[in-house]
Amino acid sequence: MGAAESAEEAVDQQGIDISEISGYRVMRVFQGGPAWRSGLAPFEDFIIAVNGEVCDDHSNPLGNVLKGHESLEVDVLVWNCIDEQDRHIKMTPSKWSGPGLLGAAVKYDKLDPASTYLWHVVDLTPRSPADDAGLTPDIDYIVGTPANVFKKEADLNNLAKEAARKQEYLTLCIYSSATGRLREVELKPSDSWGGKGLLGCELATGLLHKIPPRADSTQGPGAASGVS
């Protein structure tokens, strides 16, 4: 049995078995493109199937599927890792003023675990790198970079150490539980800012620090979601 057939079995009328399949995780959404108009949200949304046809990175890549439906409205099955729900959206893959037919950067990834290795900002020190970058305690979650989500707990620490060593800014993707939106921030990790740690904030991870589902998750993140 091939990967596509296995994925088909894991996507049925009872919902998506996230332990069995992977999907195309939306990493960035470009304003004005088909993905933006359809309400796809970076970090949290995965594209699973187009017109009932499950996409995978081997026998049925998403790019090929989109080319086969260029300028046609399609039904896209999406799974959201924050609400832990699937939904269907309408989208028309087409050439526009930006990159690709989708207008988004995607990466093939496992659905489970999709939002495990993130960091909840629980406290920060005034005038620290985290404070200067505008992070907000209790509300903000560090979920990755524009190119990658965290795959293990050490990832953020390793990135911060490398940026501090090179005296460079680090671009991080921050999810706000207050707005339900993802934003990119630049901060400069340092061990000489006058306080403890490279970032100057207290972080926590684990089951007690997962991103809370939206109060009304039936409609997904909504057309306004995206990188702001």
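Quantities reported herein were computed from a predicted structural model and do not represent experimental measurements.

The rules behind these values
Position numbers for residues count from 1 along each chain, tracking the sequence in the order it is written. Local features in this predicted model are restricted to residues of pLDDT 70 or higher, and side-chain atom pairs are both shown and tallied only at a pLDDT of 80 or more, whereas totals for entire chains, interfaces and linings draw on every residue. Excluding hydrogens and water, the side-chain figures rest on all heavy atoms present in the structure. A pair is scored as a salt bridge if a Lys or Arg side-chain nitrogen falls within 4 Å of a carboxyl oxygen belonging to Asp or Glu. Per-residue accessibility, obtained with a 1.4 Å probe over protein chains only, is compared with the maximum for each type, and a residue is labelled buried under 20%, exposed over 50%, and partly exposed between these values. Secondary structure elements follow DSSP: runs of H or I no shorter than four residues count as helices, runs of E no shorter than two count as strands, and numbering proceeds from the N terminus. At least two DSSP bridges between two strands are required for those strands to pair. The definitions used throughout rest on a 1 Å grid laid over the protein atoms alone, on which a cavity is an enclosed set of points accommodating a 1.4 Å probe that cannot get out and a pocket is an open set flanked by protein within 12 Å on both sides along at least five of seven lines; lining residues are those having an atom within 4 Å of a point. Grid points are joined across faces, edges and corners, and a volume is the space filled by probe spheres set on the points. Any residue that is not Ala, Val, Leu, Ile, Met, Phe, Trp, Tyr, Cys, Pro, Asp, Glu, Lys or Arg is counted as polar, Gly included; the first ten are nonpolar and the last four charged. A pair of aromatic rings is counted whenever rings of Phe, Tyr or Trp (Trp by its six-membered ring) have centres within 6.5 Å, and the orientation is called stacked for planes under 30 degrees apart, edge-to-face for over 60 and tilted otherwise.

## Quick look at the pattern of salt bridges
Then comes step 1: All chains considered together, the criterion is met by 11 salt bridges.
Then comes step 2: Of the charged contacts in the structure, one is a salt bridge between Asp155 and Lys152, with a shortest N-O distance of 3.1 Å.
Then comes step 3: Relative accessible area serves as the criterion here: at 14%, Asp155 is assigned to the buried category.
Then comes step 4: Residue Lys152 is classed as partly exposed on the basis of its relative accessible area, which comes to 48%.
Then comes step 5: Ionic pairing is found between Glu162 and Lys166, a salt bridge with its closest N-O pair at 3.2 Å. Placement of the pair is Glu162 and Lys166 together in helix H5 (residues 154-166), with a separation of 4 residues, close to one helical turn.
Then comes step 6: Residue Lys166 is classed as partly exposed on the basis of its relative accessible area, which comes to 44%.
Then comes step 7: By sharing partners, the salt bridges in this structure join Arg25, Asp109 and Lys151 into a single network.

## Things to note about the pairing of strand S6 (residues 74-80)
Then comes step 1: Of all the 7 residues making up S6, 7 are buried; the element is thus mostly covered by neighbouring parts of the structure.
Then comes step 2: Every second residue of S6 is oriented toward a common face, with Val74, Val76, Val78 and Asn80 on one face and Asp75, Leu77 and Trp79 on the other, all of them buried.
Then comes step 3: Inspection of the sheet shows strand S4 (residues 45-50) paired to S6 by 5 bridges, in the antiparallel sense. Residue pairing across strands places Ile47 opposite Val78, the latter belonging to S6.
Then comes step 4: Once S6 ends, the chain turns through 4 residues before running back antiparallel as strand S7 (residues 85-91), passing Glu84 with a positive phi of about 55°.

## A look at unusual backbone geometry
Then comes step 1: In this structure, Asn51 takes a positive phi of about 50° despite not being glycine.
Then comes step 2: As for its position among the elements, Asn51 is in the loop between S4 and strand S5 (53-54).
Then comes step 3: One non-glycine residue, Glu84, lies in positive phi territory at about 55°.
Then comes step 4: With respect to the helices, strands and loops of the structure, Glu84 is situated in the loop between S6 and S7.
Then comes step 5: Given the relative accessible area of 49%, Glu84 is considered partly exposed.

## A short note on the layout of surface pockets
Then comes step 1: The calculated volume of the largest pocket comes to roughly 230 Å³.
Then comes step 2: Around the largest pocket sit 15 residues that line it, and Pro113, Ala114, Ser115, Thr116 and Lys210 are the ones nearest its centre.
Then comes step 3: Partitioning the lining of the largest pocket into residue classes produces 7 nonpolar, 4 polar and 4 charged.
Then comes step 4: Estimates place the volume of the second largest pocket at around 160 Å³.
Then comes step 5: Taken together, Trp119, Glu153, Leu156, Asn157, Ala160, Leu198, Leu199, Cys201 and Leu203 make up the full set of residues lining the second largest pocket.
Then comes step 6: Among the elements of the structure, H5 and strand S13 (201-204) are those that each provide at least two residues to the lining of the second largest pocket.
Then comes step 7: Split into classes, the residues belonging to the lining of the second largest pocket amount to 7 nonpolar, 1 polar and 1 charged.

## Details of the packing of aromatic side chains
Then comes step 1: Scanning the model with the defined rule gives 2 aromatic pairs in all.
Then comes step 2: Aromatic pair Tyr24 and Tyr108: ring centres 5.0 Å apart, planes at 55°, arrangement tilted. Of this pair, Tyr24 sits in strand S3 (residues 22-29) while Tyr108 sits in strand S8 (residues 104-110), and the two are 84 residues apart along the sequence.
Then comes step 3: Overall, the relative accessible area of 27% leaves Tyr108 in the partly exposed class.
Then comes step 4: Ring plane angle 55° and centroid distance 5.9 Å describe the contact between Phe46 and Trp79, whose orientation is recorded as tilted. With Phe46 in strand S4 and Trp79 in strand S6, this residue pair connects regions lying 33 residues apart in the sequence. You'll find Phe46 and Trp79 in the same group, each marked buried.

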